[in-house]
Amino acid sequence: MNKDYTHIIELLQRYYAGLLTDSKECEALSDLLNKNPEFKKLLNQSLDENFKDRYSLENKIQKDKALQKFDAYINYHPYNKFKWLRYAASIILPLAIGIALFIQFYANTNNTPTNSNIPAEKHLATLKLANGQTMRLNYQVKSTVIPNIKDSKVTNKAGILSYLDTNQHCSKIQYNTLEVPRSGMFQVILADGSKVYLNAETKLKYPVTFGEKNRKVFLDGEAYFEIAKDSTRPFIVQAKEIDVRVYGTTFNINTHIQNQIQTTLIEGSISITLPTTNEEIMLEPNMMAKYSCQTKDVTVSLVNTRMYTAWKYGEFVFENATLESIMEQLSRWYNVEVFYECEATKQLIFNGIADRFNNIQDVLTLLESTQTVKFNLKGNTITVKKKSTQW
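Cut-offs and rules
- Residues numbered from 1 in each chain as written.
- Predicted model: local features only at pLDDT ≥ 70, side-chain atom pairs only at ≥ 80, totals over all residues.
- Heavy atoms only, no water.
- 1 Å grid on protein atoms, 1.4 Å probe; cavity = no way out; pocket = protein on both sides within 12 Å on 5 of 7 lines; lining within 4 Å.
- Points joined across faces, edges and corners; volume = space filled by probe spheres on them.
- Helix = DSSP H or I, 4+ residues; strand = E, 2+ residues; numbered from the N terminus.
- Nonpolar A, V, L, I, M, F, W, Y, C, P; charged D, E, K, R; others polar.
- Core = buried A, V, L, I, M, F, W, Y, C linked by side-chain atoms within 4.5 Å.
- Buried < 20%, exposed > 50% of the residue type's maximum accessible area, 1.4 Å probe, protein only.
- Salt bridge = Lys/Arg side-chain N within 4 Å of Asp/Glu carboxyl O.
- Pairing = 2+ DSSP bridges.
- Contact = heavy atoms within 4.5 Å.
- Phe/Tyr/Trp six-rings, centres within 6.5 Å; stacked < 30°, edge-to-face > 60°.

### Details of the layout of surface pockets
Move 1: Computed from the structure, the largest pocket encloses a volume of approximately 640 Å³.
Move 2: Every residue lining the largest pocket is counted, 30 residues in all, and those nearest its centre are I257, Q262, M307, Y308 and Q329.
Move 3: A per-element tally of the lining of the largest pocket places strand 20 (residues 315-322) first, with eight residues.
Move 4: Residue classes in the lining of the largest pocket are distributed as twelve nonpolar, eleven polar and seven charged.

Next up, the structure:
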């Protein structure tokens, strides 16, 4: 990489941490930016107060278009410098990740991974059949038939389990269970054509073929659903205590959050049925329902759905996320254990975007760029330390 870019990155990190106080270093940064107009243009765009709106997180990031889609924006505020420096963790990380994307623009022009080119080793799952037999599934280049499923031809190819050739007139409903471990992903196409994408540490129980009245499945974990339309048979997802009723739509359900179930609607319409009152709460696109397993209440709000579905597109997207919630996601995806030297560190707030298929050390390095935390990675264990910073 051009040495100028490396130097610019170092100086910018110091500047946004409030540590660039030497006038010579400030002049050096200005000179370097003037010598590298592309970098300067990118930085100026990120400081534009309308930039975030023009390039929202709804845009899919592609490395070969990183300059145009600089989603890792900088939260710049022209008032009292010392006031916003207190929020350095939420300001510097977007810059660091944006710089990383900028570097990738020059170093690598590959597109962001999609479901079709997820690394083969990430396609991991265990399938439990109705007769109790279990089998491990992984990436198969050629389509292979799953044995011992009566009246059905179930295939596994390229990390996709398909029931499309299932006999739709079976008299008895049989259930299969697909379980994805930590660090894995898998997709299943159900007998009605509905597609379900399972995130790490997720279990889905479903009929080999659906009955005449409804299409009901059972979820524990996180999954993204694309439901085939069928006006005569509603699709129902039982997620722990609640039922999500669907007639043909796209949505995400996450039961990983402690004492909470999140349901995010991307398109179509769904309803949430409460277990205590059987009350149905309708959702419209771009709405999220948060169900409290403690109070049994539901709160509904408008959200940026990209925040809650980015995992399906090979991204981590963090917006006002606590370090604890970020590390929980990393723990499931990279199959690591996380320990904190200081409990207060869990509540640090971050914003940013990272590639899920990067090495975990790359993501930790970006977090460390905030100058607020330090990570010690040994084997499958991460120790989080609070980094003392002099303002």
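### A few points about the nonpolar core
Move 1: Within the largest apolar cluster, 45 residues are counted, with the highest numbers of intra-cluster contacts made by L127, L161, L178, V188, Y206, F225 and F251.
Move 2: Among the nonpolar cores identified, the runner-up in size contains 28 residues, and M185, W311, I326 and Y334 belong to it.

### Observations concerning unusual backbone geometry
Across residues other than glycine, the phi torsion is negative in most instances, and most of the peptide bonds are trans.
Move 1: One non-glycine residue, K296, adopts positive backbone phi at about 65 degrees.
Move 2: Tracing the backbone through its elements, the reader meets K296 in the loop between strand 18 (287-292) and strand 19 (298-302).
Move 3: Taking relative accessible area as the criterion, K296 reaches 27% and is therefore assigned partly exposed.
Move 4: Even without glycine at this site, N320 takes up a positive phi of about 50 degrees.

### Overview of the pattern of salt bridges
Move 1: Scanning all chains against the criterion turns up twelve salt bridges.
Move 2: For E226, the salt bridge goes to K312, with nearest N and O atoms at 3.9 Å. Placement of the pair is E226 in strand 11 (residues 222-226) and K312 in the loop between helix 7 (306-309) and strand 20, with a sequence separation of 86 residues.
Move 3: Here K346 and E324 are joined by a salt bridge, their closest N and O atoms 4.0 Å apart. With K346 in the loop between strand 21 (337-340) and strand 22 (349-355) and E324 in helix 8 (residues 323-334), this pair connects stretches of sequence that are 22 residues apart.
Move 4: Its relative accessible area of 26% is what places E324 among the partly exposed residues.
Move 5: Among the charged side chains, a network of salt bridges with common partners joins R182, E201 and E337.

### Details of the pairing of strand 23 (residues 373-378)
Move 1: By the bridge criterion, six bridges tie strand 23 to strand 24 (residues 381-386) in an arrangement that is antiparallel. Within strand 24, the residue paired with F375 across the bridge is V384.

### Some remarks on the side chain of S292
Move 1: By the secondary structure assignment, S292 is in strand 18.
Move 2: With a relative accessible area of 17%, S292 lands in the buried category.
Move 3: Look past the residues within four positions of S292 in its chain and what remains in contact with it is N259 and D297.

### Observations concerning the packing of aromatic side chains
Move 1: In total, this model carries nine aromatic pairs according to the counting rule given.
Move 2: Measuring from centroid to centroid gives 6.1 Å for Y175 and F218, while their planes differ by 65 degrees, and the two rings are edge-to-face. Of this pair, Y175 sits in strand 6 (residues 175-180) while F218 sits in strand 10 (residues 215-220), and the two are 43 residues apart along the sequence.
Move 3: By relative accessible area, Y175 is classed as partly exposed at 31%.
Move 4: Between the aromatic rings of F316 and F318, the centroid separation amounts to 5.9 Å while the plane-to-plane angle is 15 degrees, which identifies the pairing as stacked.
Move 5: Since its relative accessible area comes to 1%, F316 is described here as buried.

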